[in-house]
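Observations on the model geometry
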Amino acid sequence: MKKTIFFILVSLSFIFQSCSDTGNNPIVASNETQVDTLQGSCPFLTKDSKGNIVLSWIKKTDSIQSVFNYAISKDGGKTFENTIEIPGSENVHPHGENMPKIIFKPSGEIIAAWPCANPNPKNDYSDIVYYAQSFDN
C-alpha cells in the first residue's frame, strides 16, 4: 500500500512538473503563410535536393476540377515562390488516404505521383496512380 501511494505521489509530481512553464523553454507560435487564394486540400511537406522546404497540395480550380501543385520556400517556410502546377494532373482525385506526393532527387529529377478515380463496379475504392517526371528541375 505504501509503495502504491509513493508511486502515485511521484507520478503526480512529474505530471505537475511537466505542465509548469519555467520560462526555460519558451513556446513560440508560428505565423501563418498563405500560398494560394483558392481552396486546397491534401497538403504535404518535403524538401528538394537543395534542402529547401517544398509544399505540395491539391488546388480546387472549380466545382469539379482540381490540380496538383507545389511551391518552394528558400527562406525556411516564411515565404513561398510562385505556385507550379504539375502538368497532366487535372485528373487528380483529392482524398486524404491517397495523398499525392512529390520527390526531388539529387540528380535534378522531380517525380510527382497522384491518384485518379477509377470507377469500377467491383471495387468502389479503386484508383489509378498517375505520375509526371522532370529530368531538369
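See the structure above.
Everything numeric in this text was worked out from a predicted model, so none of it was measured. (Residues numbered from 1 in each chain as written. Predicted model: local features only at pLDDT ≥ 70, side-chain atom pairs only at ≥ 80, totals over all residues. Heavy atoms only, no water.)

1. With respect to the packing of aromatic side chains
Tallying each qualifying case throughout the model produces three aromatic pairs. Summarising the aromatic geometry, the rings of Phe68 and Trp114 are spaced 6.3 Å apart at their centres and angled 55° between planes, so their arrangement reads as tilted. Placement of Phe68 in strand β3 (residues 66-73) and of Trp114 in strand β6 (residues 110-117) is noted, with a sequence separation of 46 residues between them. In this structure, Phe68 and Trp114 share a single accessibility class: buried. Measuring from centroid to centroid gives 6.4 Å for Trp114 and Tyr130, while their planes differ by 15°, and the two rings are stacked. Here Trp114, found in strand β6, pairs with Tyr130, found in strand β7 (residues 127-134); they are 16 residues apart in sequence, far enough to count as distant. Classification of Trp114 as buried rests on a relative accessible area of 3%. Grouping aromatic residues by their ring pairs yields a cluster made of Phe68, Trp114 and Tyr130. Sitting above the plane of the Phe44 ring, Lys101 keeps its charged end 4.7 Å from the centroid. (Phe/Tyr/Trp six-rings, centres within 6.5 Å; stacked < 30°, edge-to-face > 60°. Helix = DSSP H or I, 4+ residues; strand = E, 2+ residues; numbered from the N terminus. Buried < 20%, exposed > 50% of the residue type's maximum accessible area, 1.4 Å probe, protein only. Lys NZ or Arg CZ within 6 Å of the ring centre and 35° of its normal.)

Keep in mind these values describe shape, not function.
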